[in-house]
Amino acid sequence: LSKARKVFDTMPSRNAASWSSMVTGLVQSNQCEEALRVFSEMVGTGVVPNEAALVSAVSACSLLRSIEHGMWVHAYAKRELNGMSVILATAIVDMYGKCGGIHNAVRVFAAMPVKNIYSWNSMITGLAMNGREMQALSLFWKMQMAGVRPNDITFIGLLGACSHSGLVDEGRWLFNKMVNGFGIQPLQEHYGLMVDLLGRAGHVREAVDFVNSMPVEPHPGLWGALAGACK
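Fair warning: this is a prediction, and the values are worked out from it, not measured in the lab.

## As for the environment of Glu 41
For step 1, the next point in the chain: Topologically, Glu 41 is positioned in helix H3 (residues 32-44).
For step 2, the next point in the chain: Separated by 13 residues in the primary sequence, Glu 41 and Leu 54 have C-alpha atoms spaced 13 Å apart.

Rendered as structure tokens:
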């Protein structure tokens, strides 16, 4: 990154691709504040950002949990672009969900003419993170009605929603549906969320039986969730 920055700083002229490469590199190196500073400088010099730069700037806002910067980038994109791509709109939905602006996330999602699996997953996860668990579960049905097949990330969001709201029966049903209905192999996160769901609801013995029946070796986080449930 330091070598990239030296080359960037010595360029006599820069186009949108040059600026975008620098912004993206900074975000990927977790230097999000500097990425937003460079993005702001880019806009200030009159260079119109390409989609990659906008997506990277929005991602930086997500990582910083900075809704103020996120709203500014969103407003800029709406003003300068003739419609947003599904990739950029999904990044904005994800950003608002992570920054606590769930109303804005819902508005952006509802206005999207085209949605992909990542769009639906971002909205489900955002709702679950912001205390809208029942809406997240409702969106799961709407997703299937729209002909979009859920993936493993979808069920991480859904099981997280069930865990936060104590929806034990729904969580059991979703886990079974994921494995037997969609043929998705559970990840460590899925197992951990199920143990957390059962433990929070006081079903400690069932949680222990669930761990013992797992076809994979339990990971430390899962034991931690189980120990917390016992406590």
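## Focus: the packing of helix H6 (residues 86-99) against helix H8 (residues 117-129)
For step 1, the next point in the chain: The N-to-C vectors of H6 and H8 enclose an angle of 10 degrees; their axes lie 8 Å apart at closest approach. Here H6 is positioned roughly parallel relative to H8, judged by the angle of their axes. The residues of H8 that touch H6, namely those facing Val 86, Thr 90, Val 93, Asp 94, Gly 97 and Lys 98, are Tyr 118, Ser 119, Ser 122, Met 123, Gly 126 and Met 129.
For step 2, the next point in the chain: Class assignment for the residues of the contact of H6 with H8 results in 5 nonpolar, 5 polar and 2 charged.

## Considerations on helix H5 (residues 67-80)
It helps to recall that an α-helix has 3.6 residues per turn; residues three or four apart then point in one direction.
For step 1, the next point in the chain: Its 14 residues place the ends of H5 20 Å apart at the C-alpha level, agreeing with the 20 Å of an ideal helix rising 1.5 Å per residue.
For step 2, the next point in the chain: Residues of H5 that are buried make contact with H3, helix H4 (51-64), H6 and helix H7 (102-111).

## Digging into the side chain of Thr 154
For step 1, the next point in the chain: One can find Thr 154 in helix H10 (residues 152-165).
For step 2, the next point in the chain: Contact partners of Thr 154, with chain neighbours within four places excluded, come to Ile 117, Asn 121, Ile 124, Phe 140 and Met 143.

Criteria and cut-off values
Residues numbered from 1 in each chain as written. Predicted model: local features only at pLDDT ≥ 70, side-chain atom pairs only at ≥ 80, totals over all residues. Heavy atoms only, no water. Helix = DSSP H or I, 4+ residues; strand = E, 2+ residues; numbered from the N terminus. Axes fitted to C-alpha atoms, helices over the stretch in contact; angles between N-to-C directions. Parallel < 35°, antiparallel > 145°, perpendicular 65-115°, else oblique. Contact = heavy atoms within 4.5 Å. Nonpolar A, V, L, I, M, F, W, Y, C, P; charged D, E, K, R; others polar. Expected span 1.5 Å × (residues − 1).

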